[in-house]
Amino acid sequence: MINRVYDEINQLANQDFLEIFGGFHTQPEDNTPRDTKTLLMFGPKEPGFWPYFVKQPEYRSGQANALDRWSKRVIDNLADQFAGLPLYPFGGPPYHPFMSWAIQTKRAWHSPIQFLVHDTAGLMVSFRGVLCFNYHLNLPQPPTTSPCTNCADKPCKTMCPIKVLTPTHYDASGCRSYILTDTGQDCLNQGCQVRRVCPVSQQYDRDPQQSRFHQLAFAQAN
């Protein structure tokens, strides 16, 4: 049976259109804070995350890093209520090993094009933060296999229109340049075609405006 506290955390996170994207019981080699026994990861709850977020004061203020500031406020609040330690994928260096933590949840895997694929978010997976607990939470049973295992066509392998994202190659600078051109507007405004073609991503129903927000931030990154 899932621990009652796990349910309570998830239900409260849902009120802000976040949900638990996985968790695991930690080992010393997991590079988590000392005394951590359980780690939970949070991502956007869909459908509905973006319409909710754009009404929040962090976004409406027009100031920089609105999504990061909102994430910190919401997850800090969860931390206060459940005696957890919040950590974030931003604010570094140094940065926390979110990718390896995601794999430890057994709800995320390396996809054929190297990026992580998640059991419910597909290639659209993103993490807004984690909570570390110094007590043990019973966790739901994760899936036994990656969704890629039963994806016969694996369209992500060939979908990139300029072949900068393939199973053996990722040219981030080439991607940034392309999405700011006239021919790259579909990838800019609708989101990366490779991520979108994933069958699991298509069920996740992320708002195109959120994808555009992330694509613009990516294009403007150093």
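Residues numbered from 1 in each chain as written. Predicted model: local features only at pLDDT ≥ 70, side-chain atom pairs only at ≥ 80, totals over all residues. Heavy atoms only, no water.

**Q** Before we move on, could you go through the overall build of the protein chain and cite the residues and values that matter?
**A** On a plain count of helices and strands, the protein chain comes out with 10 helices and 8 strands. Taking 17 Å as the expected radius of gyration for a compact globule of 222 residues, we find that the protein chain reaches 18 Å, a close match to that expectation. Buried residues in the protein chain amount to 46% of all 222 residues. A sequence separation of at least 24 residues applies to 67% of the contacts in the protein chain between residues at least 6 apart. A total accessible area of about 11600 Å² is found for the protein chain, and carbon and sulfur atoms account for 50% of it. Placing the 20 positive and 19 negative side-chain charges of the protein chain at their respective mean positions leaves the two points 2 Å apart. (Helix = DSSP H or I, 4+ residues; strand = E, 2+ residues; numbered from the N terminus. Rg over C-alpha atoms; globule rule 2.2 N^0.38 Å. Buried < 20%, exposed > 50% of the residue type's maximum accessible area, 1.4 Å probe, protein only. Contact = heavy atoms within 4.5 Å. Areas by Shrake-Rupley, 256 points an atom, 1.4 Å probe, with all protein chains shown as cover. Lys, Arg positive; Asp, Glu negative; His and termini not counted. Charge placed at Lys NZ, Arg CZ, Asp CG, Glu CD.)

**Q** Before we move on, can you summarise helix H6 (residues 172-179) with the specific residues and values?
**A** Within H6, the full set of buried residues consists of Gly174, Cys175, Tyr178 and Ile179. Each buried residue of H6 lies within a common arc of 120 degrees when the element is viewed along its axis, so the set occupies one face. Check the buried side of H6 and you find it contacts helix H7 (185-190) and helix H10 (208-220). (Arc of directions from axis to C-beta.)

**Q** Please set out the environment of Cys192 residue by residue, giving values where relevant.
**A** Structurally, Cys192 is set in the loop between H7 and helix H8 (193-197). Distance in space between the C-alpha atoms of Cys192 and Leu123 is 9.6 Å, their sequence separation being 69 residues. Discounting chain neighbours no more than four positions away, the residues touching Cys192 are Leu165, Cys187 and Gln215.

**Q** Summarise the pattern of salt bridges; cite the residues concerned and give the values.
**A** Evaluated as defined, the whole model comprises 6 salt bridges. Here Arg4 and Glu8 are joined by a salt bridge, their closest N and O atoms 2.6 Å apart. Here Arg4 pairs with Glu8, and both are found in helix H1 (residues 4-14), just 4 residues apart, close to one helical turn. The exposure class of Arg4 is exposed, given its relative accessible area of 58%. Lys72 is the salt-bridge partner of Asp76, the closest N and O atoms lying 2.7 Å from each other. One end of the pair, Asp76, and the other, Lys72, are both in helix H4 (residues 66-82), 4 residues apart, so they sit about a helical turn from each other. (Salt bridge = Lys/Arg side-chain N within 4 Å of Asp/Glu carboxyl O.)

**Q** Which residues make up the sheet that holds strand E1 (residues 18-25), and what values go with them?
**A** If you walk across this open sheet you meet the 4 strands as E1-E2-E6-E3, and the pairing is antiparallel. Edge positions in the open sheet fall to E1 and strand E3 (85-87), since each of these has one partner strand only. Each neighbouring strand pair of the sheet contributes to a mean axis angle of 25 degrees, computed without reference to strand direction. The strands touched by H4 are E1, strand E2 (38-44), E3 and strand E6 (129-133); relative to E6, the strand with the most contacts, the crossing angle is about 15 degrees. (Pairing = 2+ DSSP bridges. Axes fitted to C-alpha atoms, helices over the stretch in contact; angles between N-to-C directions.)

**Q** Describe in detail the layout of surface pockets, supporting the description with residues and values.
**A** When its volume is computed, the largest pocket comes out at roughly 1600 Å³. Only H4, helix H5 (98-104), H6, H8 and H10 provide two or more residues apiece to the lining of the largest pocket. Of the residues belonging to the lining of the largest pocket, the class tally is 32 nonpolar, 10 polar and 5 charged. A volume near 210 Å³ is recorded for the second largest pocket. What lines the second largest pocket is a set of 15 residues, and nearest its centre among them are Tyr6, Ile20, Gly22, Arg107 and Pro140. (1 Å grid on protein atoms, 1.4 Å probe; cavity = no way out; pocket = protein on both sides within 12 Å on 5 of 7 lines; lining within 4 Å. Points joined across faces, edges and corners; volume = space filled by probe spheres on them. Nonpolar A, V, L, I, M, F, W, Y, C, P; charged D, E, K, R; others polar.)

Function cannot be inferred from these measures alone, as they are strictly geometric.
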